[in-house]
Amino acid sequence: MATMAGAKSGPAYSERFYAAASFAGFDGSPNSNNIGSRFSNDVAFILYALYQQATIGPCNVPQPSSWSHVEQSKWKSWQQLGNMVPTEAMRLFVKILEEEEPGWYSRASNSVSEPVVDVQMNHNSNVEPTIESRNSFTETKTVSAESGRLEETKDKDVVSEGLGSIVVYDKWILPPISGRRPKARYQHGAAVVQDKMYIYGGNHNGRYLGDLHVLDLRSWTWSKVDAKSVDLSSPVNMVPCAGHSLIPWENKLLSIAGHTKDPSETIQVKAFDLQSDTWSMLNTHGNAPVSRGGQSVTLVGNTLVIFGGQDAKRTVLNDLHILNLETMSWDKIDAVGVPPLPRADHAAVVHAERYLLIFGGSSHATCFNDLHVFDLQAMEWSRPTQQGEIPTPRAGHAGVTVGENWFIVGGGDNKSGASETVVLNMSTLAWSVVASVEERVPLASEGLSLVVGSFDGEDILIAFGGYNGYYNNEVNVLKPSHKSTLQSKMMETPVPDSVSAIHNATNPTRDLESEFEVGHEGKIREIVMDNIDTGHQKLEGDETTERIIATLKAEKEELEVSLNKEKSQSLQLKQELVESKTQNTDLHKELQSIRGQLAAEQSRCFKLEVDIAELRQKLLSMETLRKELELLQRQKAASEQAALNAKQGQGSGRVWGWLAGSPPENADYI
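Residues numbered from 1 in each chain as written. Predicted model: local features only at pLDDT ≥ 70, side-chain atom pairs only at ≥ 80, totals over all residues. Heavy atoms only, no water.

(A) How the structure looks around the overall build of the protein. Within the protein, the regular secondary structure consists of 10 helices and 36 strands. Burial status across the protein gives 47% buried among its 670 residues. Of the contacts made within the protein by residues no fewer than 6 positions apart, 61% connect residues no fewer than 24 positions apart. Of the roughly 34300 Å² of accessible surface on the protein, 51% is carried by carbon and sulfur atoms. (Helix = DSSP H or I, 4+ residues; strand = E, 2+ residues; numbered from the N terminus. Buried < 20%, exposed > 50% of the residue type's maximum accessible area, 1.4 Å probe, protein only. Contact = heavy atoms within 4.5 Å. Areas by Shrake-Rupley, 256 points an atom, 1.4 Å probe, with all protein chains shown as cover.)

Rendered as structure tokens:
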């Protein structure tokens with residue numbers, strides 16, 4: 001997923017691609033009948049698309065009209081690559097094949113005219129065989145500067161003058177290294193603990209590494225750590241990995257996540273005890289994230305913040321998780337705002353123990369140079385405006401902080417390697433370039449590591465390894481100057497709105513004027529010290545003093561102008577804040593009024609409901625009375641009818657009796 005095809009193009013790399021295509025069966029060879037059985041469907045479609053892109057170019061054929069799922073998937077995979085350059089497609093094809101078939105190169109017959117070359121530039125270095133996926137590598141071929149090949153990559157900004165050259169600021173140098181150097185690699189983990197730089201794992205020629213080496217930063221001597229496992233039945237130290245993160249914590253080194261030959265379902269956390277030289281697997285709790293590599297892991301207090309990466313199914317992620325190192329429990333962050341696009345091989349750092357900064361990275365075919373900020377208190381994403389010389393899109397780069405400055409080294413895009421060492425002032429979000437090298441040197445590599453060490457009481461940047469067509473095990477050192485960091489601080493004034501938004505998140509009414517005055521005094525002191533140091537080295541006498549005074553006056557005038565602008569902006573912000581408070585008060589009163597009206601309406605509605613219930617009860621009672629009345633009326637009618645019938649019966653009986661000669665009982669009536 002990382003980059004720099006342009007830095008790796010050439011006949012040798014093309015031959016490697018065609019050898020890989022032949023091995024995978026994409027050139028009509030007998031292996032072509034086994035593609036479906038050797039790779040999963042997703043991998044087969046990706047390899048097919050990359051092969052088409054490398055040999056034919058972008059997909060210009062119409063979508064297949066057939067209903068075949070295979071043909072539709074092949075066309076869609078190719079079409080999604082867009083305008084990816086052929087050299088990048090070749091690189092990705094070889095990289096994916098190396099991850100799926102780590103031993104393909106050694107098994108392929110007559111595939112490449114020459115073996116992979118490791119670049120060695122440090123003095124007095126030796127190469128040792130390394131255990132990779134339980135297979136031993138033979139002696140690595142090295143190329144000296146006199147051979148001609150390496151001489152072409154040597155850059156005027158990378159000098160080799162011994163430890164004495166570290167006094168030079170803002171220039172990458174090659175210190176004299178002794179001891180048995182580690183095998184060349186990239187995507188490894190690196191960390192500094194007590195003047196020692198530890199290197200663990202990585203990737204070489206598609207094989208994952210599981211060795212641990214240490215470079216003594218006082219003697220500049222390499223040595224291999226004979227690591228052991230706490231549980232002898234489960235030797236975790238022998239599990240090779242790449243794309244992981246190495247974090248120093250207490251007296252341990254924590255290895256988090258990473259790609260392995262047999263990936264687990266969730267992220268694994270291993271710990272190396274620096275006192276006993278033993279590895280152990282740490283048990284975690286909670287909802288652990290899916291396993292991945294190429295993620296960023298940032299230590300914030302006693303927690304680790306994990307962002308992004310690529311899982312075992314090659315899905316690029318943009319989720320955010322936290323691991324509490326005290327309780328070893330996982331938590332997934334449900335953030336607000338617009339998160340960064342899914343990516344891997346990016347860089348991340350924390351500023352002021354609150355703001356997580358994410359820069360660069362790549363998806364399957366796109367590299368980024370965007371900057372995102374995550375507020376760890378508000379749990380909110382934002383994308384502030386970058387200032388200064390914004391770096392080009394890149395992935396596979398490495399970054400470290402010195403004070404409030406974030407240094408970025410290496411990486412690249414789909415065309416070339418990133419040759420500039422850049423620095424971001426995290427207070428102003430202003431970029432500037434510190435140093436530059438040629439594209440073919442190891443510093444313009446993907447997957448290199450970068451740590452901060454100390455030399456003669458000053459901070460130094462230490463880069464190791466990387467891959468730019470060749471696997472490297474070179475150590476480069478740069479001492480950032482006081483002047484270069486000051487330049488980053490003073491590039492952009494006034495402070496951009498995006499930065500003000502970040503720093504005012506907790507207290508929007510902070511006194512910008514007092515803060516700027518404190519910064520003003522500090523910057524003047526820095527200018528004085530920097531110019532005095534330079535004057536002692538180059539100039540003497542009154543001329544030096546006059547130049548210093550003139551410089552101070554010019555800087556003072558610029559700062560006063562900036563201060564006035566800050567005061568004006570601060571006053572405007574205060575006025576806007578007062579207006580906002582007034583508007584908020586009016587809205588609050590209106591809200592209270594509406595709430596009172598709503599309460600009155602609710603009370604009225606309640607009374608109406610009570611009345612309706614009473615009326616319904618009365619209506620039910622009236623219905624009952626109506627039915628009883630109808631029943632009584634029917635009973636009355638029946639009684640009257642019965643009485644009438646009885647009366648008529650008595651009258652007809654007397655008539656018939658008279659006719660029959662029976663006198664009526666009451667003769668006097670007649």
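There is more to say after this.
(B) Focus on helix α4 (residues 69–79). Listing the buried residues of α4 in full gives Ser73, Trp75, Ser77 and Trp78. Here the buried face of α4 lies against α3 (41–55).

(C) Representation of the side chain of Ser77 within the structure. Along the chain, Ser77 turns up in helix α4. The exposure class of Ser77 is buried, given its relative accessible area of 18%. Non-local contacts of Ser77, meaning those with residues more than four positions away in its chain, are made with Phe45 and Ala49.

(D) Seen up close, the pattern of salt bridges. Under the counting rule described, the total for this entry stands at 12 salt bridges. Where Lys74 meets Glu71, a salt bridge forms, and the shortest distance between an N and an O atom there is 3.7 Å. With Lys74 and Glu71 both in helix α4, this residue pair falls three residues apart, about one helical turn. Accessibility expressed as a relative area gives 35% for Glu71, which makes it partly exposed. A cluster of three or more residues bridged by salt bridges with shared partners is formed by Glu88, Arg91 and Glu446. (Salt bridge = Lys/Arg side-chain N within 4 Å of Asp/Glu carboxyl O.)

(E) Broad picture of the confidence of the model for the protein. Considering every residue of the protein, the mean pLDDT works out to 79; 73% of them sit at 70 or more. Considering only residues more than four positions removed or in separate chains, one finds that residues 123–156, a stretch of pLDDT under 50, has 81 contacts. Predicted confidence for residues 503–540 stays below pLDDT 50, and this span has 50 contacts to residues more than four positions away or in other chains. (pLDDT = per-residue confidence, 0-100.)

(F) The packing of α3 against helix α5 (residues 86–100), seen in detail. The N-to-C vectors of α3 and α5 enclose an angle of 150°; their axes lie 8 Å apart at closest approach. Regarding the angle of α3 to α5, the classification is roughly antiparallel. In this structure, the crossing between α3 and α5 has a hand that is left-handed. Together, Val43, Ile46, Leu47, Leu50, Tyr51, Gln53 and Ala54 of α3 and Pro86, Ala89, Met90, Leu92, Phe93, Ile96 and Glu100 of α5 make up the contact between the two elements. Taken together, the residues that form the contact of α3 with α5 break down as 12 nonpolar, one polar and one charged. (Axes fitted to C-alpha atoms, helices over the stretch in contact; angles between N-to-C directions. Parallel < 35°, antiparallel > 145°, perpendicular 65-115°, else oblique. Left-handed = near helix turned anticlockwise from the far one by under 90°. Nonpolar A, V, L, I, M, F, W, Y, C, P; charged D, E, K, R; others polar.)

(G) Region of interest: the nonpolar core. Formed by 29 residues in total, the largest nonpolar core has its most connected members in Leu50, Phe93 and Trp104. For this core, the elements supplying multiple residues, two or more each, are α1 (11–24), α3, α4, α5 and α6 (104–107). Look past the residues within four positions of Leu50 in its chain and what remains in contact with it is Leu81, Met84, Ala89, Leu92, Phe93 and Ile96. Judged by nonpolar contacts, the second largest core, of 17 residues, contains Phe407, Val409, Val441 and Ala463. (Core = buried A, V, L, I, M, F, W, Y, C linked by side-chain atoms within 4.5 Å.)

(H) Region of the structure containing unusual backbone geometry. The phi angle at Glu250 is positive, at roughly 55°, despite the residue not being glycine. Mapped onto the secondary structure, Glu250 falls in the loop between β14 (245–249) and β15 (252–256). The phi dihedral of Ala257 falls on the positive side, at around 60°, and the residue is not glycine. Structurally, the position occupied by Ala257 is in the loop between β15 and β16 (269–273). Classification of Ala257 by relative accessible area gives buried; the value is 13%.

(I) View of the packing of aromatic side chains. By the definition in use, this model includes 15 aromatic pairs. Here the aromatic residues Phe17, Tyr18, Phe26, Tyr51 and Phe93 are joined through ring pairs into a cluster of three or more. The ring centre of Trp279 lies 5.4 Å from the NZ or CZ of Lys270, which sits over that ring. (Phe/Tyr/Trp six-rings, centres within 6.5 Å; stacked < 30°, edge-to-face > 60°. Lys NZ or Arg CZ within 6 Å of the ring centre and 35° of its normal.)

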